[in-house]
Amino acid sequence: MIPAIRALFPAWLLLAACGIPAPDQGQAPGSAHPQPETETRCYLRVTKNPPVVVDADTFPGTPDSLYVRVDLVGELANGVYNWLPGEKDHITGTFTGSVSDNVITALYTYHAEGMAGQQEVIFRMDPNGLRVATGEMTGNDSLQVFKDKSAVTYSDPVPAVPC
């Protein structure tokens, strides 16, 4: 047994000298780089529409909801973006893109009243919440993108909520 250990000792010494970190040093086995941390942020805005008067009856307004969940992994961003008006025309979907200087630029794949589509979305993460970009879009039936990203305007902040 000792001759076998002596034979393997130079190989072990060579590997130790290479500076390859062991898997228990915060890296996945076979990985040369540490794994980026994942951060999840959620945002929700609920607004109530004005009451509806029908004949002599008054009905409370229906709530509209905007919900966004953002998963950040390094420079990558993906998540869920749902616009749920109280009456109809719900738009639900997911987005995948990148983040730079707290601005997410992503491709949003959505479903709205039985139809599917894709469009570019831009979100700006501020201390007060998440702001959604609006602006002139161009494209075709299958994909819409901002005509001029430098000309977009941002909504009031959608407040952060616990996920």
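Residues numbered from 1 in each chain as written. Predicted model: local features only at pLDDT ≥ 70, side-chain atom pairs only at ≥ 80, totals over all residues. Heavy atoms only, no water.

A.B. asks: It is not clear to me how the overall build of the protein chain should be interpreted in this structure. Could you clarify?
C.D. replies: A count of helical and extended segments in the protein chain gives 1 helix and 13 strands. In the protein chain, the succession of α and β elements from N to C terminus is α-β-β-β-β-β-β-β-β-β-β-β-β-β. Each of the 163 residues in the protein chain was classed as buried or not, and the buried ones make up 24%. Pairs at least 24 apart in sequence give 36% of the contacts found in the protein chain among residues at least 6 apart. Just so you have it, the protein chain exposes about 11,100 Å², and 58% of that area is on carbon and sulfur atoms. (Helix = DSSP H or I, 4+ residues; strand = E, 2+ residues; numbered from the N terminus. Buried < 20%, exposed > 50% of the residue type's maximum accessible area, 1.4 Å probe, protein only. Contact = heavy atoms within 4.5 Å. Areas by Shrake-Rupley, 256 points an atom, 1.4 Å probe, with all protein chains shown as cover.)

A.B. asks: Explain unusual backbone geometry here, please?
C.D. replies: For Asp-101, which is not a glycine, the phi torsion comes out positive at approximately 55°. In this structure, Glu-113 takes a positive phi of about 50° despite not being glycine. Inspection of the secondary structure puts Glu-113 in the loop between β7 (103–112) and β8 (115–126). Take Glu-113: its relative accessible area is 51%, and that puts it in the exposed class.

A.B. asks: Even after reading the chapter, I still don't get the side chain of Glu-120, so can you show me in this structure?
C.D. replies: Secondary-structure assignment places Glu-120 in strand β8. The buried category is assigned to Glu-120, whose relative accessible area is 9%. Side-chain polar atoms of Glu-120 contact the side chain of Lys-149, separated by 3.0 Å. Once residues within four sequence positions are removed from consideration, Glu-120 is found in contact with Thr-105, Ala-106, Met-137, Gln-144, Val-145, Phe-146 and Lys-149. (Polar contact = N/O pair within 3.5 Å; in protein donor to acceptor, adjacent residues only side chain to side chain.)

A.B. asks: Would you explain the pairing of β7 in this entry?
C.D. replies: Remark: a regular strand shows side chains that alternate across the two faces of the sheet. Bridge count between strand β6 (residues 91–100) and β7: 10 bridges; the pairing is antiparallel. Each residue of the ladder has a partner; that of Thr-92, found in β7, is His-111. Connecting β6 to the next strand, β7, in antiparallel fashion are 2 residues, including Asp-101 with a positive phi near 55°. Relative to β8, β7 is paired through 10 bridges, and the arrangement is antiparallel. Paired with Thr-105 across the bridge in β8 is Ile-122. Taking the residues between adjacent antiparallel strands as the criterion, β7 and β8 are bridged by 2 residues, where Glu-113 takes a positive phi near 50°. (Pairing = 2+ DSSP bridges.)

A.B. asks: Sorry if this is basic, but what is going on with the nonpolar core here?
C.D. replies: Formed by 18 residues in total, the largest nonpolar core has its most connected members in Val-68, Tyr-81, Phe-95, Ile-104 and Phe-123. When residues of this core are traced back to their parent elements, those giving at least two are β4 (63–73), β5 (76–84), β6, β7, β8 and β9 (129–134). Ignoring anything within four residues of it in the chain, the contact list for Ile-104 reads Val-70, Leu-72, Ala-77, Phe-95, Ser-98, Val-99, Val-121, Ile-122, Phe-123 and Met-125. (Core = buried A, V, L, I, M, F, W, Y, C linked by side-chain atoms within 4.5 Å.)

A.B. asks: Which parts of the structure should I look at to understand the layout of surface pockets?
C.D. replies: The probe, sized like a water molecule, is rolled over the atoms to show the empty space still left. As a volume, the largest pocket reaches approximately 250 Å³. Lining the largest pocket are 17 residues, with Tyr-81, Ile-91, Tyr-108, Gln-119 and Val-121 positioned closest to its centre. Elements that contribute at least two residues to the lining of the largest pocket include exactly β5, β7, β8 and β9. In terms of residue count, the dominant contributor to the lining of the largest pocket is β8 (4 residues). Classifying every residue of the lining of the largest pocket by side-chain character gives 12 nonpolar, 4 polar and 1 charged. (1 Å grid on protein atoms, 1.4 Å probe; cavity = no way out; pocket = protein on both sides within 12 Å on 5 of 7 lines; lining within 4 Å. Points joined across faces, edges and corners; volume = space filled by probe spheres on them. Nonpolar A, V, L, I, M, F, W, Y, C, P; charged D, E, K, R; others polar.)

A.B. asks: What should I look at first to understand the side chain of Ser-65 in this one?
C.D. replies: Mapped onto the secondary structure, Ser-65 falls in strand β4. Dropping the residues within four chain positions of it, Ser-65 is found in contact with Arg-45, Val-46, Asn-82, Trp-83 and Leu-84.

A.B. asks: Whenever I open this one, the packing of aromatic side chains confuses me. Can you help?
C.D. replies: We describe a pair of aromatic rings using the distance from one ring centre to the other and the angle between the two ring planes. Counting across every chain of the model gives 4 aromatic pairs. Judged by centre distance (4.8 Å) and plane angle (45°), the ring pair of Tyr-81 and Tyr-108 falls under tilted. On the criterion of sequence distance, the pair formed by Tyr-81 in strand β5 and Tyr-108 in strand β7 is long-range, its members being 27 residues apart. Of the two residues examined, Tyr-81 and Tyr-108, each falls in the buried class. For the ring pair Phe-95 and Phe-123, a centre distance of 5.2 Å and an interplane angle of 55° mean the geometry is tilted. Here Phe-123 lies in strand β8 and Phe-95 lies in strand β6, a separation of 28 residues in the sequence. Overall, the relative accessible area of 0% leaves Phe-123 in the buried class. Chaining the aromatic ring pairs together yields one cluster made of Tyr-81, Phe-95, Tyr-108, Tyr-110 and Phe-123. Across from the ring centre of Tyr-154, 4.4 Å away, lies the NZ or CZ of Arg-124, which sits over that ring. (Phe/Tyr/Trp six-rings, centres within 6.5 Å; stacked < 30°, edge-to-face > 60°. Lys NZ or Arg CZ within 6 Å of the ring centre and 35° of its normal.)

Honestly, it's all geometry; don't read function into it.
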